[in-house]
Amino acid sequence: MSSIASNPTTPNAGPAEILEFAGSRWLVRRPKPFVLVFEGEACVDGSTSKAATAPCDYLHDKLLDPACREAFYQLVDATGLVVCLNVATHHPSYRDVRGRSSKGRLSQGEYYHHDGCSGPTKPRFVEIRCPIQPQTRGIATAVAPHHAVVAAMVQVLPAELAATPALAEALTGQDLTPAGVAAMSNEALDHLQGLITRTVRRKLDAEGARAYFRAVDRAADAYFEPWQLGESRFIANANAGVTMQHRRAYQQVHSGGVANGHLVKRWTNEELLLPGQTVDAALIEALCREEAEGPSERGESDQPERSCYLGAH
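First things first, this report covers the structure right here in the doc. Residue numbers restart at each chain and count upward from 1, following the sequence in its written direction. Totals for whole chains, interfaces and linings use all residues, but because this is a predicted model, local features are given only for residues with pLDDT of at least 70 and pairs of side-chain atoms are given and counted only at 80 or more. Hydrogen atoms and water are omitted, and side-chain values are computed over all heavy atoms in the structure.

What follows covers the pattern of salt bridges. What makes a salt bridge here is a side-chain nitrogen of Lys or Arg within 4 Å of a carboxyl oxygen of Asp or Glu, nothing more. A complete count under the given rule lists 14 salt bridges for this structure. Aspartate 115 is the salt-bridge partner of lysine 265, the closest N and O atoms lying 2.5 Å from each other. Taken as a pair, lysine 265 in strand β11 (residues 264-266) and aspartate 115 in the loop between β6 (95-96) and β7 (125-130) lie far apart in primary sequence, 150 residues in all. Relative accessible area decides the class of each residue, using a 1.4 Å probe on protein chains only: under 20% of the type maximum gives buried, over 50% gives exposed, and in between gives partly exposed. Taking relative accessible area as the criterion, lysine 265 reaches 6% and is therefore assigned buried. On the basis of relative accessibility, which here comes to 5%, the residue aspartate 115 falls in the buried class. Across the salt bridge formed by arginine 233 and glutamate 231, the nearest N and O atoms sit 2.6 Å from each other. When its relative accessible area of 1% is taken as the criterion, glutamate 231 is described as buried. Taken together, the salt bridges that share partners define one network made up of Glu70, Asp77 and Arg124. We count a stretch as a helix when DSSP gives it H or I for four or more residues in a row; a strand needs E for two or more, and each element gets its number in order from the N terminus.

What follows is the structure in structure tokens.
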């Protein structure tokens, strides 16, 4: 279904490759081991085609075409984060990202998390998108492998926090080297991460917590490239392959009052259904309820609220 050939002469940040996938040739980059970036389609000779520079809806027309969709999903499973640049689409399945941060407190989205973290069943992956819009996006979205996030949280944890009774008991006697954390089960990772996050929330003020997570971003070697307009990011959330986490990441002191482009999202595997597929209504209802607990990141909106998308395409 796919093959890759190196194309070092392509003028892009980082080495470029040609990926043969879904009946087309794609110009791609791998800025990190867990990231694959689709720039767009490439010409037969490997040069950049118009489709790689002019926005079009190659995401739905080709990568998510029913004949290729599961193969694309498996690519996300195996990679961790798949980024599609220069996509112009008005597909109705996207909805506003929810949650807004104040200067005085962190929103839930600023902590590293899986989507659906409050329930036993999580979406296979989450797609977050920066639509083409007049305002650019200045707030980053940090993405990193789950085990790397937890290892980094331990590594940069201030000594006074590590000495608190709950954490000291949990940390004592464990192999907390990167290799030891990588060997932990998902349940053990979740437990340790929860303890650290709750301690950080209780013991640090808002900017202290944000500074801590900026240090986690760096130690985990997270991907937090600035958002481009027309960019979609598919983040492996709970699957048989690489499991990632993500967070809203202020890379500077959060002063508020700064205009920012908005994001939209969907759980593509669960919401963008193939003919004959049946939606797990209970799962979607639970996930939508979890999303509805915070205000829209866009603040006041001239668009009506919409429920989760439940349709075939």
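Now that the structure is up, let's keep going.
In this section: the side chain of arginine 129. Within the element layout of this structure, arginine 129 appears in strand β7. Positive: Lys, Arg. Negative: Asp, Glu. His and the chain ends are not part of the count. There is no salt bridge for the buried arginine 129, and the closest opposite charge comes from glutamate 127, which lies 5.6 Å off by N-O distance. Side-chain polar atoms of arginine 129 contact the backbone oxygen of valine 87, separated by 2.5 Å. Contacts of arginine 129, omitting those with residues within four sequence positions, involve Val87, Ala88, Thr89, Tyr94, Trp227, Gly230, Glu231, Ser232, His262, Leu263 and Val264. Nitrogen and oxygen atoms within 3.5 Å of one another constitute a polar contact, given that in protein one can donate a hydrogen and the other can accept it, and given that sequence-neighbouring residues count only through two side-chain atoms. Throughout, a residue-residue contact means that at least one pair of heavy atoms, one from each residue, lies within 4.5 Å.

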